[in-house]
Amino acid sequence: MFYLISSIIVIFIVHKKFSLFDVLNPFVIFVLYYIFFFFIALSWKENFFIHKGVKIDDYTVNVITASLIVILISAYIFSFVFKFEKSISPNYLRKIDLRKLNFGTPTKRSEQAAWVIFFLGIVLFLIFILKVGQVPLLADDAENFRIEARKGNGFITILSMALITYGSSYIFASMNIATSKRILILVVAFFILMMFGNRGPAFLLLIFAFIINIVRSKTKVKIFKVVLLGLLGYLLLVGIGAYRMNADADFLTKFILTIGWRPFVNIQNFDIILNRFDDFLYGYGYWIDIYTLAPGYSPNLGTWVKETMGFSFDGGSVTISLLGEGYINFGTFGLILYPFLTSWILLRLSIYIKRVLLKNDFSVDIGKFILIITINVAIAGIVSSGYTSVILYIIIPNFLIYKLHQFLSGSKNI
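Residues numbered from 1 in each chain as written. Predicted model: local features only at pLDDT ≥ 70, side-chain atom pairs only at ≥ 80, totals over all residues. Heavy atoms only, no water.

### Side note on the overall build of the protein chain
Alright, step 1. Across its full length, the protein chain carries 19 helices and two strands.
Alright, step 2. A burial count over the protein chain gives 52% of its 414 residues as buried.
Alright, step 3. Considering only intrachain contacts with a sequence separation of at least 6, the fraction spanning at least 24 residues in the protein chain is 76%.
Alright, step 4. A total of about 19,700 Å² of accessible surface is found on the protein chain, and carbon and sulfur atoms cover 67% of it. (Helix = DSSP H or I, 4+ residues; strand = E, 2+ residues; numbered from the N terminus. Buried < 20%, exposed > 50% of the residue type's maximum accessible area, 1.4 Å probe, protein only. Contact = heavy atoms within 4.5 Å. Areas by Shrake-Rupley, 256 points an atom, 1.4 Å probe, with all protein chains shown as cover.)

### Details of the packing of helix 17 (residues 366-379) against helix 19 (residues 387-409)
Alright, step 1. Contact geometry for helix 17 and helix 19: axes closest at 10 Å, N-to-C directions at 180 degrees. As the angle between them shows, helix 17 and helix 19 are arranged roughly antiparallel. Here Gly 367, Lys 368, Leu 371, Thr 374, Ile 375, Ala 378 and Ile 379 of helix 17 come into contact with helix 19, specifically with Val 390, Ile 394, Ile 395, Asn 398, Phe 399 and Tyr 402.
Alright, step 2. A class-by-class count of the residues in the contact of helix 17 with helix 19 yields nine nonpolar, three polar and one charged. (Axes fitted to C-alpha atoms, helices over the stretch in contact; angles between N-to-C directions. Parallel < 35°, antiparallel > 145°, perpendicular 65-115°, else oblique. Nonpolar A, V, L, I, M, F, W, Y, C, P; charged D, E, K, R; others polar.)

### Considerations on the pattern of salt bridges
Alright, step 1. If you walk through the whole model with that rule in mind, you get two salt bridges.
Alright, step 2. Close ionic contact of Lys 354 with Asp 22 constitutes a salt bridge, the shortest N to O distance being 2.7 Å. One end of the pair, Lys 354, is in helix 16 (residues 332-357); the other, Asp 22, is in the loop between helix 1 (2-18) and helix 2 (26-38), with 332 residues separating them in the sequence. With respect to class, Lys 354 is no different from Asp 22; both count as buried.
Alright, step 3. Salt-bridge contacts for Glu 85 lead to Arg 348; the nearest nitrogen and oxygen are separated by 2.6 Å. Of the two residues, Glu 85 is situated in the loop between helix 4 (58-82) and strand 1 (102-103) and Arg 348 in helix 16; the sequence distance between them amounts to 263 residues.
Alright, step 4. For Glu 85, a relative accessible area of 23% corresponds to the partly exposed category. (Salt bridge = Lys/Arg side-chain N within 4 Å of Asp/Glu carboxyl O.)

### Notes on helix 9 (residues 199-217)
Alright, step 1. Its 19 residues place the ends of helix 9 27 Å apart at the C-alpha level, agreeing with the 27 Å of an ideal helix rising 1.5 Å per residue.
Alright, step 2. A positive phi of about 60 degrees marks Lys 218, the residue just after helix 9. (Expected span 1.5 Å × (residues − 1).)

### Overview of the packing of aromatic side chains
Alright, step 1. Applying the stated criterion across every chain, the model contains 22 aromatic pairs.
Alright, step 2. Aromatic side chains Phe 103 and Phe 369 sit 5.2 Å apart centroid to centroid with 70 degrees between the ring planes, which places their arrangement in the edge-to-face category. Taken as a pair, Phe 103 in strand 1 and Phe 369 in helix 17 lie far apart in primary sequence, 266 residues in all. The same class applies to Phe 103 and to Phe 369, which are both buried.
Alright, step 3. Here the aromatic rings of Tyr 286 and Phe 330 are separated by 6.2 Å at their centres, their planes lie at 50 degrees, and the arrangement is tilted. Within this pair, whereas Tyr 286 is found in helix 13 (residues 284-290), its partner Phe 330 is found in helix 15 (residues 322-330), the two being separated by 44 residues in sequence. (Phe/Tyr/Trp six-rings, centres within 6.5 Å; stacked < 30°, edge-to-face > 60°.)

### Points about the confidence of the model for the protein chain
Any segment with low pLDDT has predicted coordinates that should not be analysed in fine detail.
Alright, step 1. For the protein chain, per-residue confidence averages 83 on the pLDDT scale, and residues scoring 70 or more make up 85% of the total.
Alright, step 2. Per-element mean pLDDT across the protein chain ranges from 63 in helix 11 (residues 251-258) up to 93 in helix 4. (pLDDT = per-residue confidence, 0-100.)

### Comments concerning the side chain of Ser 160
Alright, step 1. Relative to the helices and strands, Ser 160 is located in helix 7 (residues 154-173).
Alright, step 2. Apart from residues lying up to four places away in sequence, Ser 160 is in contact with Gly 121, Leu 124, Phe 125 and Phe 196.

### Section: the environment of Leu 137
Alright, step 1. Tracing the chain through its elements places Leu 137 in the loop between helix 5 (108-132) and helix 6 (142-150).
Alright, step 2. Taking relative accessible area as the criterion, Leu 137 reaches 9% and is therefore assigned buried.
Alright, step 3. For the pair Leu 137 and Met 194, spaced 57 residues apart in sequence, the C-alpha to C-alpha distance is 7.1 Å.

### What about the side chain of Thr 165?
Alright, step 1. With respect to the secondary-structure elements, Thr 165 resides in helix 7.
Alright, step 2. Look past the residues within four positions of Thr 165 in its chain and what remains in contact with it is Leu 193, Leu 205 and Phe 208.

Rendered as C-alpha cells:
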C-alpha cells in the first residue's frame, strides 16, 4: 500500500510541476514509465515471495526508491537552474497543451512518400516471414520462436517495424485523408506489428495514434480516461503475453499469473544483477549492444547477461533496466550517476524539442512531430532496457526514416 500511495503522490507532484499531458517533455513520460514498470510492483513483492518464492532484497528496494527520489529532486533543481540561463527562452520551459498544437498541411508529395515508407515496411515484413518460414505470433512456441527468428534478422525486423510505424502514423495524422482509410491503415499496421511476436511496437503505435488524435480533434483529456485506457491497454498486453506463455494451464490461469509479472520482472532482474554480477564492464556493455549491428548473430547486453549468468527461461533477454545498465558498466557509481544524469538529459532534450518544433502559431510539421513523439515515448523504455538499446534500435532507425521521408518529399532541409 505504501508504494501505491507513494506512486500517486509522485504522479501528482510531476503533474503540478511539469504536466502529465506535456508529451513534448520526455521527462514526464519517463517518470510515469519508471513508476508503472519499476516502482509500483514493489507493492506485491511479498505476494510473489509467498506464492512463487521470489524474494527481493531490501537493498534493491532501497536503490529503486532512492533513485526515484534523486530523479525528482534533481529535476526540480535543474528546472530551477535552467530559468537563469540566458540562452533558454521561458517559452521552452513552459508546459505545452497538445490541444494548442496544429499540424501543418502536408504536400501531396509528402503524403505519397509516407505511403511508400509504409509499404516498404510491409515488403520487409514479407521478406522476414519468407526467411523464417512462418509468422512468429502464430508459431506453436511463439514465446521462443519470435526470439530465434530474429537472430541474424535483427536489421530487417527493426527497420520494418520502424517504417510501418512512421508511415502509418503520418497517414493517420494527415488531414487530407478520409477517416475510414486512416483507421484502416492504423488497424493493418497494428496487426502486422503484432505478427512479429512483440507487443511493445504495436502498442506504441496505439499511443502515437492517441496523441495524434488529441492534436487533430482538440479533445480535452481527462486523467480518468487516460488511466482507464491505460488499464485496458495493459490488460490486453497481459492477455497477449498469456497467449504466448508456455505453461500447462488454461488461458485464465496464465492470464492471472501474468498480470502482475510484467512490471515485477524488471525488479527481479535488477535484484539478480545487484546480487550476482560483480565483474563490471567499465563501458564495454555499450560496445556489446553496438556490435549487434554487425552481420550474423550478436547478442545484445540483455542476452549477453542471460548467457553469461547461465539463465534459462522462455522468451528473450534479461531486461537489464536503466539502473542495471549503470551497475553492470560502473558498479555502485553507476547507480548514483544514472538517475542524476537522466533528469538532466531529459529536461535538456525537452528544451531542445520545444525550440526546434514549436512555431509562434503552434503549428508543427507532422513528420517532425512523429519523430519527436517516437523519441519521447521510446526513451521512457530506458527504464527497462537501458540507454544503448533504445538509441540503437528505436531512435536512430526512426531518425533515418524521417530523413528518408524528407528526401522523398523533396524537402530542402534534409
